[in-house]
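Close look at the chain arrangement
Residue strings, one per chain:
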Amino acid sequence: MQIGYVIIEFNGPFRVGKSGLLDAFDYVPSDTVYSALDYLRFMGFNHGIVSVSSAYPLIYVNDIHRSISDYGTVPIPMNIKLSLIKRISDERPDLVKQIRRINYLPMKCLTAKGIGYVVYGDYLRVTCGDEEFEYEGFGELMGVQRNVIGRAIGNADTFRVVAFMPTVRYIIYYRQPQDGIDVKEGERAFSMIGELGIGGERSIGFGHFKVVESGVINYTGSGDYALILGTALPRVDSVEGYLNTTVRGWVCSPYYVIGPIHVIADGSVVPRGYVDFEVLKYPSCVKNLNPLWLPYDAGVHS
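Criteria and thresholds
- Per-chain numbering applies: the sequence of each chain, read as written, is numbered from 1 onward.
- Local features in this predicted model are restricted to residues whose pLDDT is 70 or higher, and side-chain atom pairs enter the listing and the counts only when it is 80 or higher, whereas totals over whole chains, interfaces and linings include all residues.
- By convention in this description, side-chain values take in all heavy atoms of the structure and omit both hydrogens and water.
- By definition, any uninterrupted DSSP run of H or I lasting at least four residues is a helix, any uninterrupted run of E lasting at least two residues is a strand, and each is numbered from the N terminus.
- Throughout, exposure labels follow a simple rule: accessible area from a 1.4 Å probe, protein chains only, divided by the maximum for the residue type, with under 20% read as buried, over 50% as exposed, and the rest as partly exposed.
- We call two residues in contact whenever any of their non-hydrogen atoms come within 4.5 Å of each other.
- Strand pairing is assigned whenever DSSP identifies at least 2 bridges connecting the two strands.
- Only C-alpha atoms enter the line fits that serve as axes; for helices the fit covers just the stretch in contact. Angles between N-to-C directions range over 0 to 180 degrees.
- The salt bridge definition used is simple: a Lys or Arg side-chain nitrogen within 4 Å of an Asp or Glu carboxyl oxygen.
- Roughly parallel means an angle under 35 degrees; roughly antiparallel, over 145; roughly perpendicular, 65 to 115; everything else is oblique.
- For the purposes of these results, a polar contact is taken to be a pair of N or O atoms within 3.5 Å, where, inside protein, one atom must be able to donate a hydrogen and its partner to accept one; residues adjacent in sequence count only when each atom of the pair is a side-chain atom.
- Any pair of Phe, Tyr and Trp rings, taking the six-membered ring for Trp, is counted once the centres come within 6.5 Å. Such a pair is stacked with planes under 30 degrees apart, edge-to-face with planes over 60 apart, and tilted for the rest.
- Definition used: whenever NZ (Lys) or CZ (Arg) falls within 6 Å of the ring centre and also within 35 degrees of the ring normal, the charge is taken to sit over that ring.
- Residue count minus one, scaled by 1.5 Å, sets the expected span of a helix.
- The score called pLDDT rates the predictor's confidence residue by residue, from a low of 0 to a high of 100.
- Residues enter a nonpolar core if they are buried and are Ala, Val, Leu, Ile, Met, Phe, Trp, Tyr or Cys, with the set joined through side-chain atoms within 4.5 Å.

Section: the overall build of the chain
If you tally the helices and strands in the chain, you get five helices and 18 strands. When its C-alpha atoms are laid out on the principal axes, the chain stretches across 65 × 45 × 45 Å. Taking all 302 residues of the chain together, 47% fall into the buried category. Taking as baseline every contact in the chain between residues at least 6 positions apart, the subset at least 24 positions apart corresponds to 71%.

Written out as structure tokens, the structure reads:
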């Protein structure tokens, strides 16, 4: 299975709000990436990208530039996370919060056997094969002051919004309908998005980035399950599996709001028979909740 990827470097903070002005995601969800790609298509650029992941912090590739095929960031599968939480709860309950904060793993861990952890005093590292990975920060939240001018008397009201300032590069995965991946076309599309910006508050410079690398990954994983790499809304009423659930909503215009809607998020593991997700189409906007997913063998880590 061939997957295209781009590595991006933000020029400053980006903002994708969770539930209001005073909170924000530390990654860019797939539905936000889809919206940017849809805007390019609306403007006449048919990039051919049919499925895309969220933008994840690239926290396991250092200056040596280890292989993206092995060390590209993916959300930690929920079956692995739940298993680690259960084990650490029995052995070191004081470290459960650290496990809960681990949201990403290298791609190579999806096919590795024996994912575990080692404890060093009051902190731990996740083990995958013969390597250890320490969860480190990849940015910080920051508040930005904004002003809005009243239409009636021209007074200025001050308010604050929260954005995320990344300190690492991010990676986005995508697929195109043809047999191969057109790397140049994918890089061109995301470079245009980087110039326009992604997420909220783009008018003050948020969400701008540059593409520093692009290429193709030959993903060799297989299995009867799917690892979800984004925000998904199943068409069926109920879903089995290892689920990372959340509630999302979107403001399409000042007068049109979608949600709140219960969705499954990055890292969810579902049987492949449930891989049939919605694309919500409304007069004011389209929300694509059909993200990229990877074949995954949940039994390897059971």
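Notes on the sheet that holds strand β6 (residues 123-128)
Across the sheet, three strands lie side by side as β5-β6-β7; this open sheet has antiparallel pairing. Edge positions in the open sheet fall to β5 (116-120) and β7 (131-133), since each of these has one partner strand only. Across the sheet, the mean angle from the axis of one strand to that of its neighbour is 35°, orientation sign disregarded. Across five bridges, the pairing between β5 and β6 is antiparallel. Paired with V119 across the bridge in β6 is L124. Strands β5 and β6 of the sheet are contacted by helix α3 (residues 78-91), whose axis makes an angle of about 35° with β5.

With respect to the pattern of salt bridges
Per the counting criterion, the structure on display carries ten salt bridges. The salt bridge involving E9 is made with K210; its shortest N-O contact spans 3.8 Å. One end of the pair, E9, is in strand β1 (residues 2-10); the other, K210, is in strand β11 (residues 209-218), with 201 residues separating them in the sequence. For E9, a relative accessible area of 25% translates into the label partly exposed. The partner of R41 in a salt bridge is D38, and the shortest N-O contact between them spans 3.0 Å. Of this pair, R41 and D38 are both found in helix α1 (residues 30-42), three residues apart, which corresponds to roughly one turn of the helix.

What about unusual backbone geometry?
In this model, E201 sits at a positive phi of 55°, which is unusual for a non-glycine residue. By secondary structure assignment, the location of E201 is in the loop between α5 (183-196) and β11. You can call E201 partly exposed: its relative accessible area is 22%.

Focus: the packing of α1 against α5
Relative to each other, α1 and α5 sit at 100°, their axes nearing to 10 Å. Considering their axes alone, α1 and α5 lie roughly perpendicular with respect to each other. On α5, the residues that touch V33, A36, L37, Y39 and L40 of α1 are A189, F190, M192, I193 and L196.

Digging into the side chain of T127
Tracing the sequence through the fold places T127 in strand β6. We classify T127 as buried; its relative accessible area is 14%. A distance of 3.5 Å separates a polar side-chain atom of T127 from the backbone nitrogen of Y117. With residues up to four places along the chain from it excluded, the contact list for T127 reads G114, I115, G116, Y117, V118 and E132.

So, the packing of aromatic side chains
By the definition in use, this model includes 13 aromatic pairs. With 5.5 Å between their ring centres and 70° between their planes, F25 and Y27 make a pair best called edge-to-face. Classification of F25 by relative accessible area gives buried; the value is 12%. By way of ring pairs, the aromatic residues F10, F14, F25, Y27, Y56, Y104, F138, F164, Y170 and F209 are connected into one cluster. The aromatic ring of Y120 is capped on one face by R125, whose charged end is 5.6 Å from the ring centroid. Cation over ring: R188 sits above F45, and NZ or CZ is 4.4 Å from the ring centre.

Some points on α3
Compared with an ideal rise of 1.5 Å per residue, which puts 14 residues at 20 Å, α3 spans 20 Å between its outermost C-alpha atoms and is within 8% of the ideal. If you check which residues of α3 are buried, you get M78, N79, I80, K81, L84, I85 and I88.

Considerations on the confidence of the model for the chain
When pLDDT is averaged along the chain, the result is 87; 94% of the residues meet or exceed 70. Per-element confidence in the chain is highest for strand β2 (residues 51-57), whose mean pLDDT is 96, and lowest for strand β8 (residues 139-149), whose mean pLDDT is 81.

Details of the nonpolar core
Counting residues in hydrophobic clusters, the biggest one holds 70 residues, and the most contacted among them are Y170, Y173 and F190. Here this core gets six residues from one element, more than from any other, and that element is β1. The next biggest cluster of nonpolar side chains, apart from the first, holds eight residues, and it includes L233, I258, V263 and L280.

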